[in-house]
Amino acid sequence: MTQRAKIDTGGGEHTADEPPVPVVHRAAGLTSAEVAERVARGEVNDVPVRSSRSTVDIVRGNVFTRFNAIIGVLWVIMLFVAPIQDSLFGFVIIANTGIGIIQELRAKKTLDGLAVIGEAKPTVRRDGAATEVSTSEIVLGDLIELGPGDKVVVDGEVAEVDNLEVDESLLTGEADPVVKKPGDTMMSGSFVVAGGGAFTATKVGREAYAAQLAEEASRFTLVHSELRSGISTILKYVTWMMVPTAIGLIISQLVVKDTDFKESVARTVGGIVPMIPEGLVLLTSVAFAIGVIRLGRKQCLVQELPAIEGLARVDVVCLDKTGTLTEGGMDVTELRALNGSDETYVRKVLGALGESDPRPNASLQAIIDAYPDAEEWRCTESLPFSSARKYSGAAFSEGNGDSSTWLLGAPDVLLKASDPTLDEIDHLNEQGLRVLLLARTARELDSPEVASDAHPTALVVLEQRLRPDAADTLAYFADQNVAAKVISGDNAVSVGAVAGKLGLPGAEHTVDARRLPTEQAAMADELDRNTVFGRVSPQQKRDMVGALQSHGHTVAMTGDGVNDVLALKDADIGVSMGSGSEATRAVAQIVLLNNSFATLPSVVAEGRRVIGNITRVATLFLTKTVYSVLLAVLVVCSQVEYPFLPRHLTLLSTLTIGVPAFFLALAPNKERAKPHFVKRVMRYAIPGGIVAAAATFATYLVARSYYSGPGALDAETSAATLTLFLVSMWVLAIIARPYTWWRIALVATMGGAFLLVLVVPWLQDFFALKLVGVTMPWTAVAIAAAGAALIEFTFRWVDHRFPA
């Protein structure tokens, strides 16, 4: 095992009785001139860390869509053959596209700003001094320092080690940490789990291993999103329905009907345009973008956009105690000497142990703060803390010439189960205190059995600081039917006591994870039955996430330490604290830059708002698509003129879908997201569209038999428009439930706007809407009322027969 010691710039003087103190020689790294030379040659780690789509991609993605192309062609045709009123749909599409671009650019600005704040800053050694630089500023040959939790950002060769252990499981799938020696290869994408060291960069930029893996997509490429994939599926089916229907309509209106050519073209376009649910994609993008902006204001970095959606679907959240329920820092509240040990001597040991670790964890930092280093002691060998081992150690040359080896860690790991000291520790753990055991060992630190005969010397009692917002956050999850599971590497009783102080149900029944079954199904049963788990190893955290997922749970995992990385990677949604290790921030989909656990409810609420509301408004859009296709089919089969001009359907779409959908998509919504998006939407859209089409066409046929002579077609169109508007308004009224004052006002305003068009003369002329006589308009209202009643009955039957 590599020995380490304090740097002795004076040449390592020592007395004859003392063993020689090893001198650590640190490489100076590159000089500023060498760095500049490499930058000039382009030997720099220039892989762009992109937090979102580029501006060009955003514009291209919003402008060049399949449906924009179809509508664009139809718009150009209408500009030549019809009044400007019939081309309004084109201006609506331009406005929609502009809104989509602006909102995505706002979201991009938010994400890019947060990504810079949350970016990892590797430590490189240049001109003999350690300095933090941006990942993109690393050059070939740089000497990069590493400590626990640090991510390896470029490929390299190990130059210095201090018990360096690296986890390469994210690259190789091998779960066991790899002990590194000078000359070994370091692969980008791996991370340090214990010890420290330094390595020389041998491959940077796109030549690095991790960069090659990610060459195809940026870091923020969308992972699976049921919402987006569901909408894509719907749009695919819509296209298949639209093409043959549109061809049939074109033939019917332009070839079969012997009417004015320009009006035939206008009515043909009027039949095709409403088949396209163009606003659905826009509203989805806008809802996601606004969600990102809202969360950004709360210092929450969404690294993968569907994470907003995913967290809304979560029904189990796994919490690491340290750094999540408790704050990172700790305080030493008591030191209990055991077996007649001298407390003054124990304090010296603890001070020397604190000094032996260049990158102390929270527990050791508390010891460093409480016990200053004994200057005359020198560390000759060290064993860094590992989450898998649950202890650290060091060997010392004491000032009087004696040598000793010490271990510091979990008492129930270092002591035999029968040791009476454990009873004393249990009482402390029941109070929520964290207890470390200082033990002396006669074995070498590199011996696998180093802890087998450890002699208990003292107990170090630490008090953890509870997060003031943790109790409220746990209460929120309980209220939202999201099960919270506390999964910690600490003593189970201590973890249970902390969870109990925060009011977590089931905290009194704690489980020691070392006794959990290894078989997945049995482990899943235990996880479903219990809430608090202690002494969980990093690999077990990963297994527990998998076990919960095997029972159909959508699992979120929160954490900040390197021992959480594997579980964060496997969870449906990984949430890291901003102060967490580089590795945890790199694999998490959501980073809480303000380190506040209380931000999580905001993320959940934002996701539920997005999904719940998009499901609502998708029903509106697809109801329109269904009735448009069916009306076209009925027109083709009946060989009659298409009842509507584009201006009529633009008006109806704006009042019954466009404006209401925008408000409904951004409204609060606390309902937990449910699966099967396509099924949930289509079970309403199909019957709603069928009834709307049937009622409208029935009114149109009745009007055709009622009216005759010049202007008959305009009167028939007006009656059919009235029926379609009223039926569509009833669909909107159902979708807007449960009612609040603003939802009622929204529906009433849309109805009032349509009434305004019917009574104001210049609006009547502009939209070619004028109700003729009394009998036919009231007949249209009666048919619409029957259609609305049928829709109400059908929707309730669907709810009962096909529950979501």
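Residues numbered from 1 in each chain as written. Predicted model: local features only at pLDDT ≥ 70, side-chain atom pairs only at ≥ 80, totals over all residues. Heavy atoms only, no water.

**A word on the overall build of the protein**
Then comes step 1: Scanning the protein from N- to C-terminus turns up 27 helices and 21 strands.
Then comes step 2: Put simply, the protein has 804 residues, and 56% of those count as buried.
Then comes step 3: Contacts in the protein between residues far apart in sequence, at least 24 positions, make up 73% of those at least 6 positions apart. (Helix = DSSP H or I, 4+ residues; strand = E, 2+ residues; numbered from the N terminus. Buried < 20%, exposed > 50% of the residue type's maximum accessible area, 1.4 Å probe, protein only. Contact = heavy atoms within 4.5 Å.)

**Quick word on the confidence of the model for the protein**
Then comes step 1: Across the protein, the average pLDDT comes to 81, with 90% of residues at 70 or higher.
Then comes step 2: Segment residues 1-24 is flagged for pLDDT under 50; beyond a separation of four residues in sequence, or across chains, it makes 40 contacts in the model.
Then comes step 3: Taken as a whole, residues 213-223 scores under 50 in pLDDT and shows 21 contacts with residues more than four places along the chain or in a different chain. (pLDDT = per-residue confidence, 0-100.)

**Structural notes on helix α17 (residues 520-529)**
Given 3.6 residues per helical turn, the α-helix brings residues three or four places apart onto the same face.
Then comes step 1: Residues of α17 that are buried: M523, A524 and L527. Along the axis of α17, the buried positions cluster into a sector of 100°, meaning they face one direction only.
Then comes step 2: Looking at the buried side of α17, the elements it contacts are β16 (483-487), β18 (532-534) and α18 (538-550). (Arc of directions from axis to C-beta.)

**Looking at the side chain of S494**
Then comes step 1: Position of S494 among the secondary structure elements: in helix α16 (residues 492-501).
Then comes step 2: Setting aside its immediate chain neighbours within four residues, S494 contacts N429, G432, L433, R434 and Q464.

**Section: the pairing of strand β12 (residues 391-397)**
Then comes step 1: In terms of residue burial, β12 counts as a mostly covered element, since seven of its seven residues are buried.
Then comes step 2: What you see with β12 is no split at all: Y391, G393, A395 and S397 on one side and S392, A394 and F396 on the other are buried throughout.
Then comes step 3: Sheet topology note: the strand β11 (residues 378-386)/β12 ladder contains six bridges and is antiparallel. For C379, the partnering residue across the bridge sits in β12 and is F396.
Then comes step 4: What sits between β11 and β12 in their antiparallel hairpin is a turn of four residues, with K390 showing a positive phi close to 75°.
Then comes step 5: Here β12 pairs with strand β13 (residues 403-409) via seven bridges, running antiparallel. Bridge assignment links S392 to a residue of β13, and that residue is L408.
Then comes step 6: Between β12 and β13, which pair antiparallel one after the other, the connecting turn spans five residues, and G401 there sits at a positive phi close to 95°. (Pairing = 2+ DSSP bridges.)

**Structural notes on the environment of R41**
Then comes step 1: Counting through the fold element by element, R41 comes out in helix α1 (residues 32-41).
Then comes step 2: Here the alpha-carbon distance between R41 and M682, two residues 641 residues apart in the chain, equals 58 Å.
Then comes step 3: For R41, the side chain forms a polar contact with the side chain of E37, separated by 2.6 Å.
Then comes step 4: Of note is the side chain of R41, whose polar atom sits 2.9 Å from the side chain of E43. (Polar contact = N/O pair within 3.5 Å; in protein donor to acceptor, adjacent residues only side chain to side chain.)

**Re the packing of aromatic side chains**
Then comes step 1: Following the criterion strictly, the structure yields twelve aromatic pairs and no others.
Then comes step 2: Between Y345 and W406, the aromatic rings sit 6.0 Å apart at their centres with planes inclined by 55°, giving tilted as the arrangement. Here Y345 is found in helix α11 (residues 343-356), whereas its partner W406 is found in strand β13, with 61 residues between them in sequence.
Then comes step 3: Look at Y345 and you get partly exposed, because its relative accessible area is 22%.
Then comes step 4: On the basis of relative accessibility, which here comes to 2%, the residue W406 falls in the buried class.
Then comes step 5: Cluster of aromatic residues (ring-pair linked, three or more members): Y345, W377, F396 and W406.
Then comes step 6: The ring of Y237 carries the charged tip of K236 above its face, separated from the ring centre by 5.8 Å. (Phe/Tyr/Trp six-rings, centres within 6.5 Å; stacked < 30°, edge-to-face > 60°. Lys NZ or Arg CZ within 6 Å of the ring centre and 35° of its normal.)

**Observations concerning helix α22 (residues 646-665)**
Then comes step 1: Largest kink in α22: about 50°, centred on T654.
Then comes step 2: Among the 20 residues that make up α22, 15 are buried, leaving the element largely enclosed by the rest of the structure. (Bend = angle between axes of the 7 residues up to and from the residue.)

**A look at the sheet that holds β16**
Backbone hydrogen bonds hold the strands of a sheet together, and the pairing may be parallel or antiparallel.
Then comes step 1: Here we have eight strands laid out as an open sheet, ordered β8-β21-β20-β19-β9-β16-β18-β17, and mixed in their pairing. The strands lining the two open edges of the sheet, one partner per strand, are β8 (300-302) and β17 (510-512). Neighbour-to-neighbour, the strand axes of the sheet open up by a mean angle of 20°, direction not taken into account.
Then comes step 2: Here three bridges tie β17 to β18, and the two strands are oriented parallel to one another. (Axes fitted to C-alpha atoms, helices over the stretch in contact; angles between N-to-C directions.)

**Observations regarding the packing of helix α23 (residues 677-706) against helix α24 (residues 712-735)**
Then comes step 1: As a packed pair, α23 and α24 sit with axes 8 Å apart at the nearest point and diverge in direction by 155°. Compared by their axis directions, α23 and α24 come out roughly antiparallel. As α23 packs across α24, the resulting crossing turns out to be right-handed. Contact residues: α23 offers A692, A695, T696, T699, Y700, A703 and R704, while α24 offers L713, E716, A719, A720, T723, L724 and V727.
Then comes step 2: Taken together, the residues of the contact of α23 with α24 break down into nine nonpolar, three polar and two charged. (Parallel < 35°, antiparallel > 145°, perpendicular 65-115°, else oblique. Left-handed = near helix turned anticlockwise from the far one by under 90°. Nonpolar A, V, L, I, M, F, W, Y, C, P; charged D, E, K, R; others polar.)

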